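Results of the structural survey
Below are the chains, spelled out letter by letter.
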Amino acid sequence: MNLKVPAILALLTTAAVTSTAAATTYNSCFMRYLMASKTCANCRMGSITLNNLDLTEANFSGSDMIEANLERTTLTGADLSQSYLVGANLRRAKLGEANLSGAYLEGADLRGADLRGADLSSASLYGADLRGADLRDANLVGADLRFTRTWGARMQGAITQ
């Protein structure tokens, strides 16, 4: 195969555009499915951006959502049990009554998040940022809260033992 440099560059450019279009189609199809079904248990969605969406009562149990962007996302009543949300951005997310039992939230940013009545039992919040979060009536039994930042967090009625 004896191709000249311009021909090779043209082929590479075409291949890159084709693969980008395929990836975009896959992402939009996945997003339509996700919004319609609100179910993706045990999925690998690391670094996904799902900010400002309404995912009320979604099922993401056991999912890998490491470093996901869920800022201002409504996850009220969602099942995120046993999920990996390490380093995730959950700033101002609505997680009231959500099931986060056994979830891994190490280093997660939960500043200003609404976690009223959420089940965080046995969750790992090691080093998480909970400044200004609303944890009223949340279940924190067995949760790892070492090195969490909790300045301004509301914790009235939270169960810790």
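Scroll up to find the structure this text is about.
For the structure given in this document, a descriptive report is provided here. Within any chain, residue numbers begin from 1 and follow the written order of that chain's sequence. Two thresholds apply to this predicted model, a pLDDT of at least 70 for residue-level local features and 80 or more for giving and counting side-chain atom pairs, whereas whole-chain, interface and lining totals are computed over all residues. Where side-chain values are given, they derive from all heavy atoms of the structure, hydrogens and water being excluded.

**Examining the state of the cysteines**
Any pair of cysteine sulfurs within 2.5 Å is marked as a disulfide. As enumerated under the stated definition, the model contains one disulfide in all. Note that cysteine 40 is cross-linked by a disulfide to cysteine 43, the S-S spacing being 1.8 Å. Taking the sign of the S-S torsion, -95° for the link of cysteine 40 and cysteine 43, the bridge is left-handed. Each residue is placed in one exposure class: buried if its accessible area under a 1.4 Å probe, protein chains only, is under 20% of its type's maximum, exposed if it is over 50%, and partly exposed if it falls in between. With a relative accessible area of 6%, cysteine 40 lands in the buried category. The class of cysteine 43 is buried, set by a relative accessible area of 19%.

**Considerations on the nonpolar core**
Among buried residues, the Ala, Val, Leu, Ile, Met, Phe, Trp, Tyr and Cys ones that are joined through side-chain atoms within 4.5 Å form a nonpolar core. In terms of nonpolar packing, the biggest core is built from 42 residues, with Phe60, Met65, Leu95, Leu110 and Leu115 touching the most fellow members. Residue contacts for phenylalanine 60: discarding those within four places in its chain leaves Leu34, Cys40, Ala41, Met45, Leu55, Met65, Leu75, Asp79, Leu80 and Ser83. Throughout, a residue-residue contact means that at least one pair of heavy atoms, one from each residue, lies within 4.5 Å.

**Observations regarding the environment of threonine 39**
A helix here means a DSSP run of H or I that spans at least four residues, while a strand means a run of E at least two residues long, and both kinds are numbered starting from the N terminus. Within the fold, threonine 39 resides in the segment after α1 (5-37). A C-alpha to C-alpha distance of 9.0 Å links threonine 39 and serine 61, two positions 22 residues apart in sequence. With sequence-adjacent residues up to four places away left out, threonine 39 is seen in contact with Tyr33, Leu34 and Asn59.

**Focus on the pattern of salt bridges**
Salt bridge, as used here, is a side-chain nitrogen of Lys or Arg placed within 4 Å of a carboxyl oxygen of Asp or Glu. A complete count under the given rule lists ten salt bridges for this structure. Here the salt bridges do not stand alone but share partners, grouping Arg91, Asp109, Arg111, Asp129, Arg131 and Arg149 into one network.

**A short note on the side chain of aspartate 114**
Along the polypeptide, aspartate 114 turns up in the segment after α1. Residues in contact with aspartate 114, not counting those within four places in the same chain, are Ala93, Lys94, Leu95, Gly96 and Asp134.

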